Amino acid sequence: MKNFIIDMDGVLVRENLIIPGADKFIKKLIDQKRKFLLLTNNPVYTPKDLAHRLQENGIQIRGDQIFTSALATASFLHSQRPDGKAFVLGESGLTEAIHNIGYIITDINPDYVVLGETLAYNFQMIKKAIRLLHDGNARFIATNPDSSGPSKGGIVPACGAMAALIEKASGVSPLFIGKPNALMMRTALNYLDVHSENTIMVGDRMDTDIVAGVTSGMETILVLSGVTKEEDIDKYPYLPTHIKKSVADINPKEFDD
């Protein structure tokens, strides 16, 4: 029986509205007692917050069934320098994850500058991050490389765009933890306690979801309900294993050996 790792935005929801059939797809996974995990590069919200937003849309998900780039970042920091210190630019999804591994969040001699996403970037915080990287010994970690994200009014700058600004000013390059970094995929597989050979990655982006699945040795399903159009697929040097219009067209049993 195959396990599933599933992206959220463009796959289950679009601009906080459910993609038709997403609730039925998740119900199939639950009814068939399959292991699955929602995997998102969004570090803004905690898993419980995201679960609540999905539940309001009729998708029955628990917080422990969601894994974010913030959780992957915290896991990486804990593995590298346990009980360390970090200067953090981000919302509660990131700060809570970092506090939970025993880190101190401070601007006094931090081991890391950790950049996530926020609803309002503060110039003073950005200036502080740049100086800690340029003048101090802090290392630069960013939750995800996405340069922009969707909103009701159009695209908005995301973590990758802000990381580029800080890198340009400080001269220090970040390590991105989120998709398509295989580190996040490996962390998620370990969290779900499954093997890549028996797990399918479902996503809407060729440049993050599908390449992350491919480089992690996973079968992949590209859904066309998000940013990637069918005519875009041949632009990439790798291909999804399967292509579906949306998750509504996925029958989990068809992928079992």
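Heads up: these notes are all about the structure in this document. (Residues numbered from 1 in each chain as written. Predicted model: local features only at pLDDT ≥ 70, side-chain atom pairs only at ≥ 80, totals over all residues. Heavy atoms only, no water.)

## Remarks on the overall build of the protein chain
Piece 1. When its secondary structure is counted, the protein chain shows eight helices and 15 strands.
Piece 2. At 18 Å, the protein chain has a C-alpha radius of gyration in line with the 18 Å of a compact globule built from 257 residues.
Piece 3. Here the C-alpha coordinates of the protein chain stretch approximately 55 × 35 × 35 Å along the principal axes.
Piece 4. When the 257 residues of the protein chain are sorted by exposure, 51% land in the buried category.
Piece 5. In the protein chain, the proportion of contacts linking residues at least 24 apart, taken out of those at least 6 apart, comes to 64%.
Piece 6. For the protein chain, the exposed surface amounts to about 12,100 Å²; the carbon and sulfur share of it is 51%.
Piece 7. Across the protein chain, 27 positive and 31 negative side-chain charges occur, with their mean positions spaced 2 Å apart. (Helix = DSSP H or I, 4+ residues; strand = E, 2+ residues; numbered from the N terminus. Rg over C-alpha atoms; globule rule 2.2 N^0.38 Å. Buried < 20%, exposed > 50% of the residue type's maximum accessible area, 1.4 Å probe, protein only. Contact = heavy atoms within 4.5 Å. Areas by Shrake-Rupley, 256 points an atom, 1.4 Å probe, with all protein chains shown as cover. Lys, Arg positive; Asp, Glu negative; His and termini not counted. Charge placed at Lys NZ, Arg CZ, Asp CG, Glu CD.)

## As for the pairing of strand E14 (residues 219–223)
Piece 1. In terms of burial, E14 is a largely internal element, four of the five residues being buried.
Piece 2. Relative to E14, strand E13 (residues 199–203) runs parallel, the two sharing four bridges. Its bridge partner lying in E14, valine 202 is registered against isoleucine 221.
Piece 3. On the question of chirality, the crossover connecting E13 to the parallel E14 by way of helix H8 (residues 206–215) is right-handed.
Piece 4. Where E14 and strand E15 (residues 242–244) come together, three bridges link them in parallel fashion. Counterpart to leucine 222 in the pairing with E15 is isoleucine 243. (Pairing = 2+ DSSP bridges. Right-handed = clockwise from strand over helix to strand, strands pointing away.)

## Points about the packing of helix H5 (residues 123–135) against helix H6 (residues 159–170)
Piece 1. Closest axis-to-axis distance for the H5/H6 pair is 9 Å, and the angle between their directions is 45°. Classified by the interaxial angle, the pair formed by H5 and H6 is oblique. By crossing handedness, the relation of H5 to H6 is classed as right-handed. Of the residues in H6, those in contact with Ile126, Ala129, Ile130, Leu133 and His134 of H5 are Met162, Leu165, Ile166, Ala169 and Ser170.
Piece 2. Classifying every residue of the contact of H5 with H6 gives eight nonpolar, two polar and no charged. (Axes fitted to C-alpha atoms, helices over the stretch in contact; angles between N-to-C directions. Parallel < 35°, antiparallel > 145°, perpendicular 65-115°, else oblique. Left-handed = near helix turned anticlockwise from the far one by under 90°. Nonpolar A, V, L, I, M, F, W, Y, C, P; charged D, E, K, R; others polar.)

## Section: unusual backbone geometry
Piece 1. Here the amide bond leading from lysine 179 into proline 180 is cis, since omega sits at 10°, within 30 degrees of zero.
Piece 2. Relative to the elements of secondary structure, proline 180 occurs in the loop between strand E12 (175–176) and helix H7 (182–192).
Piece 3. Notably, lysine 33 is not glycine yet its phi reads approximately 55°, a positive angle.
Piece 4. Turning to its location among the elements, lysine 33 is positioned in the loop between helix H1 (22–31) and strand E4 (36–40).

## Comments concerning H6
Residues spaced three or four apart along an α-helix point in a common direction, a consequence of the helix completing one turn every 3.6 residues.
Piece 1. Taking 1.5 Å as the rise per residue, H6 with twelve residues should run 16 Å; its terminal C-alpha atoms sit 16 Å apart, in good agreement.
Piece 2. Within the span of H6, buried status applies to Cys159, Gly160, Met162, Ala163, Ile166 and Ser170. The buried side chains of H6 occupy one side of the element, clustering within an arc of 160° when seen end-on.
Piece 3. Where H6 is buried, its residues contact strand E8 (112–115), H5, strand E9 (139–142) and E12.
Piece 4. Just past H6, the residue glycine 171 takes up positive phi, approximately 80°. (Expected span 1.5 Å × (residues − 1). Arc of directions from axis to C-beta.)

## Let's talk about the packing of helix H3 (residues 69–80) against helix H4 (residues 92–100)
Piece 1. Interaxial distance between H3 and H4 falls to 9 Å at its minimum, and their mutual angle equals 30°. By the angle class used here, H3 and H4 are roughly parallel. By crossing handedness, the relation of H3 to H4 is classed as right-handed. Counting all contacts with H3, which are made through Ala70, Leu71, Ala74 and Leu77, the residues of H4 involved are Gly93, Leu94, Ala97 and Ile98.
Piece 2. Broken down by class, the residue content of the contact of H3 with H4 amounts to seven nonpolar, one polar and no charged.

## A closer look at the environment of aspartate 9
Piece 1. Here aspartate 9 lies in the loop between strand E1 (3–6) and strand E2 (13–14).
Piece 2. For aspartate 9, a relative accessible area of 39% gives the class partly exposed.
Piece 3. For the pair aspartate 9 and threonine 199, spaced 190 residues apart in the sequence, the C-alpha separation amounts to 20 Å.

## Comments concerning the environment of leucine 115
Piece 1. In this structure, leucine 115 sits in strand E8.
Piece 2. Exposure remark for leucine 115: the relative accessible area of 0% places this residue in the buried category.
Piece 3. For leucine 115 and lysine 235, which are 120 residues apart along the polypeptide, the C-alpha to C-alpha distance reads 30 Å.
Piece 4. Residues within four places of leucine 115 in sequence aside, it is in contact with Leu89, Leu94, Tyr121, Phe140, Ile141, Ala142, Thr143, Cys159, Met162, Ala163 and Ile166.

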